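Chain by chain, the residues:
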Amino acid sequence: MSDEIDPRAADDPRNVYPSDAEFYASDRPEHPALPEDRPRGGGAAKALRHRGTWATVGLVVGIILLILVGIALFP
């Protein structure tokens, strides 16, 4: 089976197809390059703030106390 048009229908106006460039350009705006809404790179970044050491120590101590209280109340 051939991918070409049947030669008997070559004069049919329905068999006129756009080129690839015309086809893909048909739905594009005149100026397809849009400005970036989130530019990459950029200026100086703020230093990341992590949760302090005391917050981690408090969390661990709280969990240990919860376990100890649970053992003390329900022996």
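Residues numbered from 1 in each chain as written. Predicted model: local features only at pLDDT ≥ 70, side-chain atom pairs only at ≥ 80, totals over all residues. Heavy atoms only, no water.

**Thoughts on the overall build of the protein**
Looking only at helices and strands, the protein features two helices and zero strands. Here the protein, with 75 residues, has 0% of them falling under the buried criterion. Carbon and sulfur atoms make up 62% of the accessible area of the protein, which amounts to about 8200 Å² in all. (Helix = DSSP H or I, 4+ residues; strand = E, 2+ residues; numbered from the N terminus. Buried < 20%, exposed > 50% of the residue type's maximum accessible area, 1.4 Å probe, protein only. Areas by Shrake-Rupley, 256 points an atom, 1.4 Å probe, with all protein chains shown as cover.)

**Things to note about the UniProt feature "transmembrane region" (unreviewed entry) in the protein**
Residues annotated by UniProt as "transmembrane region" (unreviewed entry) correspond here to residues 54-74. End C-alpha to end C-alpha, residues 54-74 measures 30 Å, and it is 95% helix and 0% strand. (UniProt positions renumbered as here; feature names shortened; annotations may be inferred.)

**Side note on the pattern of salt bridges**
Close approach of charged atoms allows side chains with opposite charge to pair. Evaluation of the coordinates by the stated rule reveals one salt bridge. Ionic pairing is found between Asp12 and Arg14, a salt bridge with its closest N-O pair at 2.6 Å. (Salt bridge = Lys/Arg side-chain N within 4 Å of Asp/Glu carboxyl O.)

**Quick look at the packing of aromatic side chains**
This structure, assessed with the given rule, holds one aromatic pair. Summarising the aromatic geometry, the rings of Phe23 and Tyr24 are spaced 5.1 Å apart at their centres and angled 80 degrees between planes, so their arrangement reads as edge-to-face. The class for Phe23 is partly exposed, based on a relative accessible area of 48%. (Phe/Tyr/Trp six-rings, centres within 6.5 Å; stacked < 30°, edge-to-face > 60°.)

**So, a nonpolar patch on the surface**
Taken together, Trp54, Val57, Leu59, Val60, Val61, Ile63, Ile64, Leu65, Ile67, Leu68 and Ile71 make up a surface patch of nonpolar side chains, about 1100 Å² in accessible area. You can see Ile71 is positioned in helix H2 (residues 53-73). Note on Ile71: relative accessible area 53%, which makes it exposed. (Patch = residues over 30% accessible without salt bridge, like charges linked within 9 Å, V, L, I, M, F, W, Y side chains within 5 Å.)

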